[in-house]
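Chain residues, written in single-letter form:
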Amino acid sequence: MPVRIRLQRHGKKGKPFFWIVAADSRSKRDGKFLEKLGTYNPNTNPATIDLNLDSSVQWLHNGAQPTDTARAILSYKGALLKHHLDGGVRKGALTQEQADAKLEAWLKEKEAKVQSKKDGLSNAKADAKAKALKAEQEYNEKRAAAQVEAAAPAVEEVAEEVAEVATEETAVEAPAAEESNEETQA
């Protein structure tokens, strides 16, 4: 029975979610499987991969062949490196402690790369948000200035009307004031 490490598709249309499984190569893509090794979610950036490293390496030791995509995922998470290092331990090229130290150093380096990518994405998102906010503020200032310019002639007209009314009132009050002054003198 040839065993393959492959992906089983789950999730809804347009939002794929995969299980990483060890299955008989003759079974259907989403059919029965021997063991679930982990999950793969390509919808996030970077993709979220949860993999049982020890089970994956054990299946590789037993002769399971990964598909191309599963091979890339196993390589990304370090399962193929661990399988390779375990082969060196079996042959006597290095000790188990040396192999574990090499794997741990590689995993730390890989985690640092992934974290730097996450940081770069969050910084880019924050920069884009700040740029959009600045553009919106500039647009609002231009719009407010245009409204002030459009309202300026109307304000001038109202000011002229107020000035005319004020001069008419003073003209009407001035003769009345002269009449009252004449009456008080008489």
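These lines cover the structure that appears in this document, whether it is placed above or below. (Residues numbered from 1 in each chain as written. Predicted model: local features only at pLDDT ≥ 70, side-chain atom pairs only at ≥ 80, totals over all residues. Heavy atoms only, no water.)

**Details of the sheet that holds strand β3 (residues 35-41)**
Within a sheet, neighbouring strands are paired by backbone hydrogen bonds and run either parallel or antiparallel to one another. Quick reminder of the rule: When DSSP finds two or more bridges between a pair of strands, those strands are recorded as paired. The helix and strand labels rest on DSSP assignments: H or I over at least four residues marks a helix, E over at least two residues marks a strand, and numbering proceeds from the N terminus. Only heavy atoms enter the contact rule, under which two residues are in contact if any of them lie within 4.5 Å. In this analysis, axes come from line fits to C-alpha atoms, helices being fitted only over the stretch in contact, and the angle between any two N-to-C directions falls in the range 0 to 180 degrees.
Across the sheet, which stays open at both edges, the five strands sit in the order β4-β3-β2-β1-β5 with mixed pairing between neighbours. Each edge of the open sheet carries a strand with a single partner, namely β4 (48-51) and β5 (65-66). Here helix α1 (residues 53-61) sits on the sheet and contacts β1 (3-10), β2 (17-24), β3, β4 and β5; the angle it forms with β3, its principal contact strand, is near 120 degrees.

**Topic: the pairing of β3**
Definition in use: Relative accessibility thresholds used throughout: buried, under 20% of the residue-type maximum; exposed, over 50%; partly exposed, between the two (1.4 Å probe, protein chains only).
The buried fraction of β3 amounts to five of the seven residues, a majority that puts the element mostly inside the structure. In the sheet, β2 pairs with β3 via five bridges, with the strands oriented antiparallel. Within the sheet, the bridge partner assigned to Trp19 lies in β3 and is Thr39. In terms of strand pairing, β3 meets β4 through four bridges, oriented antiparallel. Note that in β4 the partner of Tyr40 across the bridge is Ile49.

**Observations regarding the side chain of Ser27**
Heads up, the condition is: Whenever two N or O atoms come within 3.5 Å, that pair is a polar contact, provided that in protein one can donate a hydrogen and the other can accept it, and provided that, for residues adjacent in sequence, both atoms are side-chain atoms.
Here Ser27 is to be found in the loop between β2 and β3. Within the structure, the side chain of Ser27 is placed 2.7 Å from the side chain of Arg6, a separation counted as a polar contact. In this structure the side chain of Ser27 is engaged in a polar contact, spanning 2.8 Å, whose partner is the backbone oxygen of Asp24. Discounting residues that sit within four places of it in the chain, Ser27 has contacts with Arg6 and Lys32.

**Observations regarding the side chain of Asn41**
One can find Asn41 in strand β3. Judged by its relative accessible area of 18%, Asn41 falls in the buried class. Sequence-distant contacts of Asn41, defined by excluding residues within four places in its chain, comprise Pro16, Phe17, Ala47 and Thr48.

None of this, on its own, says anything about what the molecule does.
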